[in-house]
Amino acid sequence: MLGRLNHVALAVPDLAAAVAAYRNTLGAEVTEPQALPEHGVTVVFVNVGNAKIELLEPLGEGSPIAAFLAKNPSGGMHHLCYEVDDILAARDQLKGAGARVLGDGDPKIGAHGKPVLFLHPKDFFGTLIELEQS
Ligand code: CO
């Protein structure tokens, strides 16, 4: 079921500062900020060749990363995103195995314009997992 690692996501308190650090200090290629109100975040992607780093800043009230940043004020690793060929088949297989899918269980359109789902971190060793249809 599990395909390639698509990205590692870092929650950051200040996206402009994080972009400057990746672009200027680390010399990386960084995309322009993209607001995703449905997900409560503004996002950029850092291209590191074999995968991407997603930098997330809270957007609006009740952002799903607000609590994470309250616990990790300087930022931290928020989730891993793996690609799957068929997100509905993957969801059904995971639910059948007892894994918890977050939200209403229906895929939402993610930052790449493709359907995504999130899996409960307590079912995967403390790590939030995003699945993205490849
Ligand atoms: Co992500």
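Overview of the structure.

Here is what the cut-offs are and how they apply
Within any chain, residue numbers begin from 1 and follow the written order of that chain's sequence. The model is predicted, so local features are restricted to residues of pLDDT at least 70 and side-chain atom pairs to those at 80 or more, both for listing and for counting; the totals for chains, interfaces and linings are taken over all residues. Heavy atoms from the whole structure form the basis of all side-chain values; hydrogens and water molecules are not counted. Per the convention used, a helix needs a DSSP run of H or I reaching at least four residues, while a strand needs a run of E reaching at least two, with both numbered from the N terminus. Throughout this description, buried means an accessible area under 20% of the type-specific maximum (1.4 Å probe, protein chains only), exposed means over 50%, and partly exposed covers the range between. Neither His nor the chain ends contribute to the count of charged residues, in which Lys and Arg are positive and Asp and Glu negative. One speaks of a salt bridge when a side-chain nitrogen belonging to Lys or Arg is within 4 Å of a carboxyl oxygen belonging to Asp or Glu. Each polar contact in these results corresponds to two N or O atoms within 3.5 Å; when the atoms are within protein, one needs to be able to donate a hydrogen and the other to accept it, and residues that are neighboring in sequence are counted only if both atoms are side-chain atoms. By the convention used here, residues are in contact when the closest approach between their heavy atoms is within 4.5 Å.

**Considerations on the side chain of E132**
1) Next: Here E132 shows up in strand β9 (residues 128-133).
2) Next: Here E132 sits buried without a salt bridge, and the closest side chain of opposite charge, K114, lies 4.6 Å off (N-O distance).
3) Next: A polar contact is formed between the side chain of E132 and the side chain of H112, at a distance of 2.7 Å.
4) Next: Filtering out sequence-adjacent residues up to four positions away, E132 remains in contact with N6, C81, Y82, E83, V84, I87, H112, K114, P115 and V116.

**Description of the pattern of salt bridges**
Any two side chains of opposite charge can pair, so long as their charged atoms come close to each other.
1) Next: A full pass over the atoms with the stated rule returns four salt bridges.
2) Next: Across the salt bridge formed by D92 and R91, the nearest N and O atoms sit 3.1 Å from each other.
3) Next: A relative accessible area of 46% places D92 in the partly exposed class.
4) Next: Residues joined by salt bridges that share partners form a network here, namely R91, D92 and D106.

Worth remembering: the numbers are spatial, not functional.
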